[in-house]
Amino acid sequence: MNTPSPEQHAMAEESPPLQALEQEQGEESRLLLPSSAPSTSSVGLEIEDDRAYESSQKIAVRDFQLDDSTDYSATPPVFSFRKLWLFTGPGFLMSIAFLDPGNLEGDLQSGAIAGYSLLWLLMWATIMGLLIQLLSARLGVATGRHLAELCREEYPRPARLVLWVMAELALIGADVQEVIGSAIAIQILSRGFLPLWVGVFITASDCFIFLLVENYGVRKLEAVFAVLISTMALSFAWMFADAKPNPKQLLLGLLVPKLSSRTVRQAVGVVGCVIMPHNVFLHSALVQSREIDPQKKGQVQEALNYYTIESSAALFISFLINLFVTAVFAKGFHGSEQASYIGLANAGRYLEEKYGGGILPILYIWGIGLLAAGQSSTITGTYAGQFIMGGFLNLRLRKSVRSLITRSCAIIPTIVVAVVFKESESSLDVLNEWLNVLQSIQIPFALIPLLTLVSKEEIMGSFKIGPFLRRVAWAVAVLVIVINGYLLLNFFFSEVKGVLMGFGVCIGTAMYAAFLIYLVRHSNNNKGESWKWLS
């Protein structure tokens, strides 16, 4: 019989500790794996991870100049146009919400009724919108997760379900306006041959175009949006050149603040249209399309620097487009009898009557620009719907299924609207007012969670916003909420009639205010225990 050697005996004595160490390391490796990884035992529907982008979809960004030990204020990175080009895309997709048909209608009504006098407000409203969108991008880059996902983790189940419903309602309201805007553009370009409901069905097909282009990669999708934004810019710049607005009045409108009781409603509309709830959710997800490690502070800081430049450039272009539209209608219709009656549905006809034809009639230029605005905004709405649904509900459906669900939620009510209202311009204007109210109600449910999350060190780490920026952001949020509150009060006082309807509005307002109070209290309560007092 062979007896073990002293060396074998020593190894046998050491093996239990080695096995224990290996088991411990294996357990640590298992715990470090992301808990959201799909289970191999899942059956039924084919599923995907609920992350905004898979690793294979992200655009690689190499040669980051900053590292974790760099003093960012003392050693700023060398600017690179090549690297800026790699980060260019998400900000321009975000900027489309500033150019949707609802915003264009606000621009034309502002120009027709207030002339050039509210251009200063348009400029400052765009700057406020930029601040909010940069905070959304900061959240996405620093955490590697988007706003809807973080809301799911931050709030208890009842609260996050309410936030999800509100986000979906805001998205549907915006989508209905966008689809109707595209349908009106198709009607203009077909000279009335295609009715509104046919335009709605044509616009609905953009969901499938979106899914097709998305399969070819993020850059191809961003290129499509670049073409649509360029189309808008060229169309409305052409109109601006044809109309020849007064340069002196335009400059005074930009630099000299002026507001009268006659233009308060238009001023509220200008500010209210700037911050779209679904866009706040969208931008925090779009910035994750670049390959950035949230654990490496240098990469995060450098990405934030380039995203700030890119988003600022994108919103500057959107501001110019909005300015072009406002100036054209200010030059043509301010002080005229038609000023109070111009809306999205009849704007093309009034433009044709005022400016006539030419080599390319202004009616068709307006139709092309409006179609580009409607198509681009409906596609970004579908994109936002994916992230909102997947983030709040942790649904691991295929993105194509989520897109179809999101598109159906908006298209079905839009078809009903198109069939019921048909060609009635007054009915479409009333509908647009109600949709603006619907979106105004939802704004706090995107802003308050965003500001709550970007202020928390346990979520943002060293990238949480400081006291000064936090005060400025909350001041902007409160200002936007108060302005939209004024719009709501003004609307309800003029539209709500009857004791029963008034009682229902009062009950709804009380519940709405209670939930807002909860969100504000929660912003100072990391554990979310303030839900108890509400329930």
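Residues numbered from 1 in each chain as written. Predicted model: local features only at pLDDT ≥ 70, side-chain atom pairs only at ≥ 80, totals over all residues. Heavy atoms only, no water.

**Student:** So what's going on with the overall build of the protein? Which residues, and what values?
**Tutor:** Tallying secondary structure elements over the protein gives 23 helices and zero strands in all. Here the analysis covers contacts within the protein between residues at least 6 apart in sequence; of these, 83% occur between residues at least 24 apart. In the structure as shown, the protein presents an accessible area of about 24,900 Å², 64% of it carried by carbon and sulfur atoms. (Helix = DSSP H or I, 4+ residues; strand = E, 2+ residues; numbered from the N terminus. Contact = heavy atoms within 4.5 Å. Areas by Shrake-Rupley, 256 points an atom, 1.4 Å probe, with all protein chains shown as cover.)

**Student:** Quick one: what's the story with the side chain of Ser 235, residue by residue and with numbers?
**Tutor:** Within the element layout of this structure, Ser 235 appears in helix H10 (residues 218-243). According to the relative accessible area criterion, Ser 235 is buried, its value standing at 8%. Excluding its chain neighbours within four sequence positions, the residues that come into contact with Ser 235 are Ile 365, Ile 368 and Gly 369. (Buried < 20%, exposed > 50% of the residue type's maximum accessible area, 1.4 Å probe, protein only.)

**Student:** Describe the confidence of the model for the protein, and please don't skip the residues or the numbers.
**Tutor:** Summarising the model, the protein shows a mean pLDDT of 80, and 81% of its residues fall at 70 or more. Note that pLDDT drops below 50 for residues 6-49; the model gives that stretch 18 contacts with residues more than four away or on any other chain. Below a pLDDT of 50 lies the segment residues 527-535, which in the model reaches 17 contacts outside its immediate sequence neighbourhood of four places, other chains included. (pLDDT = per-residue confidence, 0-100.)

**Student:** Any chance you could break down the nonpolar core for me, citing the residues and the numbers?
**Tutor:** A general tendency of soluble globular proteins is for nonpolar side chains to be buried together. Core analysis: the biggest nonpolar cluster contains 143 residues, and Phe 236, Phe 329, Trp 366 and Tyr 383 have the highest contact counts within it. Element by element, the count of residues in this core is highest for helix H14 (residues 297-333), at 17 residues. The contacts of Phe 329, once residues within four sequence positions are left out, are Leu 108, Gly 111, Ala 112, His 334, Ile 342, Ala 347, Leu 351 and Trp 366. (Core = buried A, V, L, I, M, F, W, Y, C linked by side-chain atoms within 4.5 Å.)

**Student:** Please provide a residue-by-residue account of the packing of H10 against H14, values included.
**Tutor:** With their axes 9 Å apart at the nearest point, H10 and H14 run at an angle of 30° to one another. Considering the relative orientation of H10 and H14, their crossing is left-handed. Contacts from Ile 229, Met 232, Ala 233, Phe 236, Ala 237, Met 239, Phe 240 and Ala 243 in H10 reach Ile 317, Ile 321, Leu 323, Phe 324, Val 325, Ala 327, Val 328 and Lys 331 in H14. Of the residues belonging to the contact of H10 with H14, the class tally is 15 nonpolar, no polar and one charged. (Axes fitted to C-alpha atoms, helices over the stretch in contact; angles between N-to-C directions. Left-handed = near helix turned anticlockwise from the far one by under 90°. Nonpolar A, V, L, I, M, F, W, Y, C, P; charged D, E, K, R; others polar.)

**Student:** Give a detailed account of the packing of aromatic side chains, specifying residues and quantitative values.
**Tutor:** Following the criterion strictly, the structure yields 16 aromatic pairs and no others. Centroid distance Phe 79 to Phe 81: 4.8 Å. Interplanar angle 85°. Geometry classified as edge-to-face. Looking at Phe 81, the relative accessible area reads 65%, which means it is exposed. Members of the aromatic cluster, each reached through a chain of ring pairs, are Phe 79, Phe 81, Phe 87, Tyr 306 and Tyr 307. Just above the ring of Trp 85 sits the side chain of Arg 219; from NZ or CZ to the centre is 5.1 Å. Its guanidinium or amino end placed over the ring of Tyr 350, Arg 349 lies 5.2 Å from that ring's centre, counting from NZ or CZ. (Phe/Tyr/Trp six-rings, centres within 6.5 Å; stacked < 30°, edge-to-face > 60°. Lys NZ or Arg CZ within 6 Å of the ring centre and 35° of its normal.)

**Student:** Quick one: what's the story with helix H22 (residues 499-522), residue by residue and with numbers?
**Tutor:** If you check H22, its first and last C-alpha atoms are 35 Å apart, about what 24 residues at 1.5 Å a residue would give, namely 34 Å. All buried positions along H22 are accounted for by Phe 515, Leu 516, Tyr 518, Leu 519 and His 522. (Expected span 1.5 Å × (residues − 1).)

**Student:** I'd love a proper account of unusual backbone geometry, names of residues and values included.
**Tutor:** With a phi angle near 55°, Arg 191 is a residue other than glycine that sits in the positive phi range. Overall, the relative accessible area of 49% leaves Arg 191 in the partly exposed class. A positive phi angle, close to 50°, is found at Lys 244, a residue other than glycine. Examined against the element boundaries, Lys 244 turns out to sit in the loop between H10 and helix H11 (247-255).

**Student:** If you had to explain the pattern of salt bridges to someone new, which residues and values would you point to?
**Tutor:** Going through the model one piece at a time under the given rule, you end up with six salt bridges. A salt bridge links Arg 145 to Glu 153; its shortest N-O distance comes to 2.3 Å. Residue Arg 145 is classed as partly exposed on the basis of its relative accessible area of 29%. We classify Glu 153 as partly exposed; its relative accessible area is 47%. Residue Arg 191 pairs with Glu 352 through a salt bridge whose shortest N-O separation is 3.4 Å. With Arg 191 in the loop between helix H7 (157-189) and helix H8 (196-204) and Glu 352 in helix H15 (residues 347-355), this pair connects stretches of sequence that are 161 residues apart. On the accessibility criterion, Glu 352 (30% relative accessible area) is partly exposed. The network of salt bridges with common partners includes Arg 219, Glu 222 and Arg 290. (Salt bridge = Lys/Arg side-chain N within 4 Å of Asp/Glu carboxyl O.)

**Student:** Run through a nonpolar patch on the surface, naming residues and quoting values.
**Tutor:** A cluster of nonpolar side chains, contributed by Leu 251, Leu 252, Leu 255 and Val 256, occupies part of the molecular surface with about 380 Å² of accessible area. Within the secondary structure, Leu 252 sits in helix H11. Overall, Leu 252 belongs to the partly exposed group, its relative accessible area being 45%. (Patch = residues over 30% accessible without salt bridge, like charges linked within 9 Å, V, L, I, M, F, W, Y side chains within 5 Å.)

**Student:** Residue-level account of the environment of Lys 354, with values.
**Tutor:** Positionally, Lys 354 belongs in helix H15. On the basis of relative accessible area, Lys 354 is assigned to the partly exposed category, the value being 46%. Counting along the chain gives 21 residues from Lys 354 to Phe 333, while the straight-line C-alpha distance between them is 8.5 Å. Sequence-distant contacts of Lys 354, that is, excluding residues within four places in its chain, are made with Gly 332 and Phe 333.

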